[in-house]
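# Observations on the model geometry
Single-letter residue listing:
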Number of protein chains: 2
Amino acid sequence: MNAQQFRSAAHEMIDFIIDYLENIRSRRVLPTIQPGYIREMIPEAAPERGESWQVIFQDIERVIMPGVTHWHSPQFHAYFPTGNSWPAILADILSDAIGCIGFSWIASPACTDLEVVMMDWLGQLIGLPSQFLACSGGTGGGVIQGTASEATLVALLAAKSKAIKRLKLMDPNFEESQIFSNLLAYSSDQSHSSVERAGILAGVRVRLLETDECFSLRGETLKLAMEEDRAKGFIPFFVTATLGTTPSCAFDDLSEIGTVCQQFQNIWLHVDAAYAGSAFICDEYRHYLNGLEMADSFNFNPHKWLLINFDCSAMWLKNANDVVDAFNVDPLYLKHDRQGQAPDYRHWQIPLGRRFRSLKLWFVMRSYGAEGLRAHIRQQIQLANEFQQLVAKDDRFEIPVPPAMGLVCFRMKGENSQNEALLKRINDSGRIHMVPAKLRGQFILRLAVCSRYTESHDIVYAWQEVTSHADHLTG
Amino acid sequence: MNAQQFRSAAHEMIDFIIDYLENIRSRRVLPTIQPGYIREMIPEAAPERGESWQVIFQDIERVIMPGVTHWHSPQFHAYFPTGNSWPAILADILSDAIGCIGFSWIASPACTDLEVVMMDWLGQLIGLPSQFLACSGGTGGGVIQGTASEATLVALLAAKSKAIKRLKLMDPNFEESQIFSNLLAYSSDQSHSSVERAGILAGVRVRLLETDECFSLRGETLKLAMEEDRAKGFIPFFVTATLGTTPSCAFDDLSEIGTVCQQFQNIWLHVDAAYAGSAFICDEYRHYLNGLEMADSFNFNPHKWLLINFDCSAMWLKNANDVVDAFNVDPLYLKHDRQGQAPDYRHWQIPLGRRFRSLKLWFVMRSYGAEGLRAHIRQQIQLANEFQQLVAKDDRFEIPVPPAMGLVCFRMKGENSQNEALLKRINDSGRIHMVPAKLRGQFILRLAVCSRYTESHDIVYAWQEVTSHADHLTG
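Conventions we followed
Residues numbered from 1 in each chain as written. Chains lettered and ligands numbered in written order. Predicted model: local features only at pLDDT ≥ 70, side-chain atom pairs only at ≥ 80, totals over all residues. Heavy atoms only, no water. UniProt positions renumbered as here; feature names shortened; annotations may be inferred. pLDDT = per-residue confidence, 0-100. Least-squares fit on C-alpha atoms with pLDDT ≥ 70 in both. Contact = heavy atoms within 4.5 Å. Pairing = 2+ DSSP bridges. Helix = DSSP H or I, 4+ residues; strand = E, 2+ residues; numbered from the N terminus. Axes fitted to C-alpha atoms, helices over the stretch in contact; angles between N-to-C directions. Core = buried A, V, L, I, M, F, W, Y, C linked by side-chain atoms within 4.5 Å. Buried < 20%, exposed > 50% of the residue type's maximum accessible area, 1.4 Å probe, protein only. Salt bridge = Lys/Arg side-chain N within 4 Å of Asp/Glu carboxyl O.

Where an unreviewed UniProt entry is consulted, chain A appears under the name Aromatic-L-amino-acid decarboxylase, with the organism given as Daphnia magna. Taken from UniProt, the Sequence similarities (unreviewed entry) comment for chain A reads in full: "Belongs to the group II decarboxylase family." The annotation that UniProt attaches to chain A under Subunit (unreviewed entry) is "Homodimer."

Right, here's the structure in full:
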């Protein structure tokens, strides 16, 4: 394919994706195919000779689309949203063409420099304490990670390294292996599975603590657990607080947790606001951040709810050196003259390579403006409220926790089995898509407002779909 | 920005990137700006109201381009290549529009199913033993990771988990912390910095072994080291062999290393062919893979040398269950009916989320065909040979190791300081870009053929640039 052929193919592809997204309502949100279906549809091996673009292009509709779960359909209400917007797609096209690998400043200065400033813009938009911002001139700053899982793992590994250094300084005879096995991390039993997994990956125990009646981790619970564990000889060193849990979008009490971490000293407090963090661009939700000044690291995913295409997980550190010192390996082929004058982001993350992702933040924040982004968040929350009101009117249903952000948790009164049957019917019909959660043993259905195309009539449609299956079960 | 505005902006962006790449020769390959330059050029905060696309678009040339290191310039000879091609960019546009997060099969079946088959296609193209391929019907299979660093870390963590399980089975009284501190991993002192870093991240000691006169790790060296360490009470459990090292593109003797690993038993052998792996699509280089049937995992980066845009790091496992079992966390909201019938790739990797990256492999393998990809590899190696011949004719220079693949290592005879001065002059002038390495204390210059736009006259230009600076130093 030469440049002229690409021009025509790319213009055609742009028209294709506009058509795909603008008419996505016409597609069944969940596919009906079986595992392995593609193997039946395409050759067993790569072709020896190149094929024409027209042949390849036709296979998108024939081979790919029947197996796509349409995350941007207004009928997609599963998990949490993943971002998608026109300016973000434009930025990714540019990023692909520049195609630089920004592991160090010199490897593409614009890639690092724009990221530093965009993370300041974004941090200001959500009202982060200034210690987290590079523009404050301190040791803080932001970095784009791939996912919240990686942000949690980076924080946990940095905290582990810091704890071991500190304990060995206190007592040089301390065996590292002995420290390892006594280190203890904490989060709530509502925290995302990636927190537990980070513990497995880092070889560190994570204790999952009980939450209050609102599924929120409270300071007193953390305090009692850490006291109990210290008395047993464990070394508490890391806490993940969640702002917006996956099952029910519950918020840990950051202010209480931060205070406890300060009292205990040498506890790294990481805050995971993967989904809900985007809402902090609106003043009315910013109170959830109270206490953040006591945290060491904070993370949320603009690629979830802030109209940025995956991947773009924003992480801020109060002292970036904690991370840089923990994993620093510096071979000659990656050294350059300006080290120390700008971040070498490879030290801030697990992988070495990284794409030019700050372009997405730049294009989207400029194109929507702060007010456009706030309007998006508020509209999605409004749609969730509309759904909640529909549920509340039907006596067969209950709402076990108040809706939060764009998420409504609901269930039919009675047995779990009936709710499992209801969800199975809904997903089997494939007209809308949801996933479940369990809250204190109760099986619940989660309706998350996900697509930027979702409107009031889609919410009505979703509720009609739920009730029609409920009628069948109860009728 | 609405769909119509996007159509016009995207067509304009397509034209912009064609112009950028087709005329990239006219740009200075290394920028001249200072760290933090972007902060001076743009506002301190995100705009309150949205801006028009035309204003944003103009800032690409004004703000971004002055700070870009042009990795796709034919004058870029630093590090190793990063891939870029028209069909790969088309695939990324489509992937952005579909915008699914493929953490489980049901989250977007096409994303998983195409990846399974594309990893088979690619594995067949480079001649992998069938145990690594899903189509063999065994426990093997491939997965797209973000980077080779992540592939190494995933292999190391899986091996660590497997070793601990095995040792605890043998002796249930074995303390995990005692096992941890005795586990020992190996690679050569020429292996990539990410191997050492994986050790730091995983909390495992890595012993870097000496190489032979060709910078190749040999079986006997590994055998002696492991015997010595076992006698001291250490537990050798993991070896990374490198096919194509970063400093000089040296190849470890996989056949010898594999045999030693088999003799010692319970050693996980991981093979890192990040750069050179792409060349195994050509028969004449496939002999480097001899012995691979004794390895447990293999990785190379199509995003380096196979015309695929970053990120796309291909990893194969002989027994995928080793990885799945090591990190498996399975919350209700990620469960689905078809578990076990297709991979849930989230278990194969560090992050939870993942993009639809197999589209790039599909479009590129089909568009170029196997013969087109081979032609690309052979042409780049031919260009490296042309450069080597130019160096060989100049008495002031020496070639400390034979050129390998698209990499030529060379230096001026004599002091390191003169070579350092030479490289600094070259990079300061910014007309071509290279990075150095050290081989047994000798500072060397590395010329890697990187861009798909590089032609013979660019190689001549690079050599002229080198000699003009050398004239200055010796004149």
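### Here's the deal with the confidence of the model for chain A
Reading fine detail from the predicted coordinates is not recommended where pLDDT is low. Across chain A, pLDDT averages 96, with 100% of residues at or above 70. We note a pTM of 0.97 for the whole complex and an ipTM of 0.97 for its interfaces.

### Focus on the relation of the copies chain B and chain A
Mapping chain B onto chain A calls for a screw motion: a turn of 180 degrees about the axis and a shift of 0.0 Å along it, with 0.0 Å RMSD after fitting. The transformation relating the two chain copies, once decomposed into turn and shift, fits a two-fold axis. Proximity to the rotation axis, assessed at the C-alpha, singles out Ser177(B) in chain B; its C-alpha lies 2.5 Å from the axis. Same-surface contact between copies: 100% of interface residues of chain B are shared with the interface of chain A.

### Comments concerning the sheet that holds strand 8 (residues 397-398) of chain A
Residues and elements named next belong to chain A. Strand order in the open sheet formed by four strands is 8-9-11-10, with antiparallel pairing between adjacent strands. Each having just a single partner strand, strand 8 and strand 10 (435-439) make up the two edges of the open sheet. Note that strand 10 and strand 11 (residues 442-448) share five bridges and pair antiparallel. Bridging from a neighbouring strand, Lys-438 pairs with Phe-443 of strand 11. The strands touched by helix 13 (residues 358-392) within the sheet are strand 8, strand 9 (407-412) and strand 11, with strand 9 carrying the most contacts at an inclination of about 15 degrees. The sheet contacts of helix 14 (residues 416-429) involve strand 8, strand 9, strand 10 and strand 11, and relative to strand 11 the element is tilted by about 30 degrees.

### Considering the UniProt feature "modified residue: N6-(pyridoxal phosphate)lysine" (unreviewed entry) in chain A
Residues and elements named next belong to chain A. Here, UniProt's "modified residue: N6-(pyridoxal phosphate)lysine" (unreviewed entry) annotation points to Lys-304. Take Lys-304: it is sitting in helix 11 (residues 302-305). With near-sequence residues (within four places) excluded, Lys-304 lies in contact with Phe-80, Pro-81, Thr-82, Gly-83, Ala-274 and Tyr-275.

### Regarding the nonpolar core
Phe298(A) and Phe298(B) are the most contacted members of the largest nonpolar core, which has 262 residues in total. Once residues within four sequence positions are removed from consideration, Phe298(B) is found in contact with Ile126(B), Leu128(B), Leu243(B), His270(B), Val271(B), Ala273(B), Phe280(B), Leu289(B), Leu292(B), Ala314(B), Met315(B) and Trp316(B).

### Some words on the pattern of salt bridges
If charged atoms from side chains of opposite charge come close, those side chains can pair. This model, assessed by the stated rule, comprises 62 salt bridges over all chains. Between Glu115(A) and Arg354(A) there is a salt bridge, with the nearest N and O atoms lying 2.9 Å from each other. Within this pair, whereas Glu115(A) is found in helix 5 (residues 109-125), its partner Arg354(A) is found in the loop between helix 12 (321-327) and helix 13, the two being separated by 239 residues in sequence. Note that Arg355(B) and Asp311(B) form a salt bridge whose closest N and O atoms lie 2.1 Å from each other. Here Arg355(B), found in the loop between helix 12 (321-327) and helix 13 (358-392), pairs with Asp311(B), found in the loop between helix 11 (302-305) and strand 7 (313-317); they are 44 residues apart in sequence, far enough to count as distant. There is no split in this pair, since Arg355(B) and Asp311(B) are both buried. Overlapping salt bridges, with partners in common, bring together Glu51(A), Asp59(A), Arg62(A) and Arg366(B) in one network.

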